[in-house]
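This is what each chain is made of:
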Amino acid sequence: MDRHFDEELQKVKKNLLEMASLVDESITKALEALKNRDLKMASEVKEIDHRIDRFEIAIEDQCIELIARHQPVGTDLRFLIGVIKMNNDLERMGDHAVNITGSVAFLIEQPRIKPVSNIWSMVVEVKKMLNDSVKSFMNNDAEMAQQVCERDNVVDEMRDETMRILLTYMLEQPDKIGSAIPLLLVAKNLERIADLTTNICEDVIYIAQARVIKHHAEEQK
Amino acid sequence: MIVKTAHLNLYYGSFHALKDIDLSIKENLITGIIGPSGCGKSTLLRVFNRMNDLIQGVRITGAVLIDREDIHSPICDLILLRKKVGMVFQRPNAFPLSIFDNIAYGPRIWGITDKKTLRGIVERSLAAVDLFSVLKDRLKKSALSLSAEERQRLCIARLLAVEPEILLMDEPCSALDPIATGKIEELMLVLKQKYTIIIVTHNMQQAARIADEVGFMLLGELIEFDSAKKIFTNPSDKRTFDYISGRFG
């Protein structure tokens, strides 16, 4: 006979994966809204964020109930603690997607500036990191999670480079500062999403192998 | 509601064992009754199939309705009531008979003698508790040769053979080890799809794991009755919280 508790854990996992898929959708739409200066799509991102928020509350509630009623141990306990943390990280990613759309209304008033190709490269990398982090959670794959963590440095470098390009651009053309600042904020939000993706992968490694890799904890031992 | 009590009081002579209990138990759920020793939880369970009638000096006031019928009404058929409301006890009390005869015991009392019919009942009842595949070649062996967990499953199968609606379980796992306990708990979660289960347990973790609704009793009173989720995450009464958090009991 299968454990009834395992079915409950699967329900939690399914909900978290659905939430992650909404987060992915919100980031994609936020960047499309930005690219096309599309206010309608920006408001869709806000709608998706409300759904993400509802998922966050429901998943947290499920985890608290399962901990209170089943006193899980070992992998089961690590799974639920990991999910609570990932849940929080995914919800924050939804907020960053909304932050990105915050620039759209402002940008409509501003002249278009030369596209910053680095931002769109960042988008591709961040979305790939998010997808791979979700895959690593789905498959309980610590190795894949570790690889995603290592890619965070790439995004950090892209962010720094974008900052440099935009700052130079603003110095050269001060009349375009209004158009460039929102893009700085977009780069910052994308970099934060990549950080949160890394947090998810750290939790996947904790769930799969009971290893704490954040803050270089293993090296300090 | 399949079971409902209103202003239920029970006295053992001058001792007031159950005090003004109002309770509604829903169909196809597992309802757990928890509380410290002597709080009246087993007494309450025994009310539902009138097992307390066997104790001298018992006096009951208030109403107990099962399927909207007052079980203390003079027209209530006690034998039918106990067929509808079966009970599993703390110790797996298999009869000193073969496995087959243990299960066929109830149906035979109800007049079923046809071998093929009896065989079908035995098969279905054992299958319902996930024992048939294990025991199908040993049906003529003594039930006493089974392990404690198998005997407890057998006792549950013996109840199912007479097609009850409600299963009362009085500490059904207290004589079993943790592995056997886990198996019986999983069985209860399967059985609740067809039956209403009321379980009395000392082990509140067990109630937390399997019950849908939980009643906390103290000194004969039903202090709180709510969903298991509410009771174990945010109980309304401080006494419930003190008990479930191990501060007393």
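Refer to the structure presented above.
Residues numbered from 1 in each chain as written. Chains lettered and ligands numbered in written order. Predicted model: local features only at pLDDT ≥ 70, side-chain atom pairs only at ≥ 80, totals over all residues.

(A) Spotlight on unusual backbone geometry. Residue and element names in this part refer to chain A. Located in the positive-phi region is Asn140, a residue other than glycine, with phi close to 50°. Mapped onto the secondary structure, Asn140 falls in the loop between helix H4 (117-138) and helix H5 (142-150). The partly exposed category is assigned to Asn140, around which 15 C-beta atoms lie within 10 Å. (Helix = DSSP H or I, 4+ residues; strand = E, 2+ residues; numbered from the N terminus. Buried ≥ 20, exposed ≤ 12 C-beta atoms within 10 Å, placed from the backbone.)

(B) The arrangement of the environment of Pro182 of chain A in detail. Structurally, Pro182 of chain A can be placed in helix H7 (residues 177-209). Ignoring any residue separated from it by four or fewer positions in sequence, one finds Pro182 of chain A in contact with Ser103, Phe106 and Leu107 of chain A. (Contact = placed C-beta atoms within 7 Å.)

(C) Region of interest: the packing of H4 of chain A against helix H6 (residues 152-172) of chain A. All names here are of chain A. Packing of H4 against H6 brings their axes to within 9 Å, and their N-to-C directions diverge by 165°. Classified by the interaxial angle, the pair formed by H4 and H6 is roughly antiparallel. In this structure, the crossing between H4 and H6 has a hand that is left-handed. Facing H4, whose interface residues are Asn118, Ile119, Ser121, Met122, Glu125 and Val126, H6 presents Val154, Val155, Met158, Arg159, Glu161, Thr162 and Ile165. For the contact of H4 with H6, the residue count by class is 7 nonpolar, 3 polar and 3 charged. (Axes fitted to C-alpha atoms, helices over the stretch in contact; angles between N-to-C directions. Parallel < 35°, antiparallel > 145°, perpendicular 65-115°, else oblique. Left-handed = near helix turned anticlockwise from the far one by under 90°. Nonpolar A, V, L, I, M, F, W, Y, C, P; charged D, E, K, R; others polar.)

(D) Broad picture of the sheet that holds strand S1 (residues 3-12) of chain B. Residues and elements named next belong to chain B. Spatially, 4 strands are ordered S2-S1-S4-S5 in an open sheet, and the strand pairing comes out antiparallel. Each having just a single partner strand, strand S2 (15-25) and strand S5 (69-70) make up the two edges of the open sheet. One ladder, built from 8 bridges, connects S1 with strand S4 (residues 58-66); its direction is antiparallel. Counted as the bridge partner of Lys4 is Leu65 from S4. (Pairing = 2+ DSSP bridges.)

(E) A look at the sheet that holds strand S6 (residues 85-88) of chain B. Residue and element names in this part refer to chain B. Taken together, the 6 strands give an open sheet; going across it, the order is S6-S7-S8-S3-S9-S10, and neighbouring strands pair in mixed fashion. Every other strand in the sheet has two partners, leaving S6 and strand S10 (221-227) as the edge strands with one partner each. For this sheet the average axis-to-axis angle between neighbouring strands, irrespective of direction, equals 20°.

(F) Broad picture of the pairing of S1 of chain B. All names here are of chain B. Here 7 bridges tie S1 to S2, and the two strands are oriented antiparallel to one another. Counterpart to Thr5 in the pairing with S2 is Leu23. As consecutive antiparallel partners, S1 and S2 are separated by 2 residues, and within that stretch Gly13 has a phi angle of approximately 60°, a positive value.

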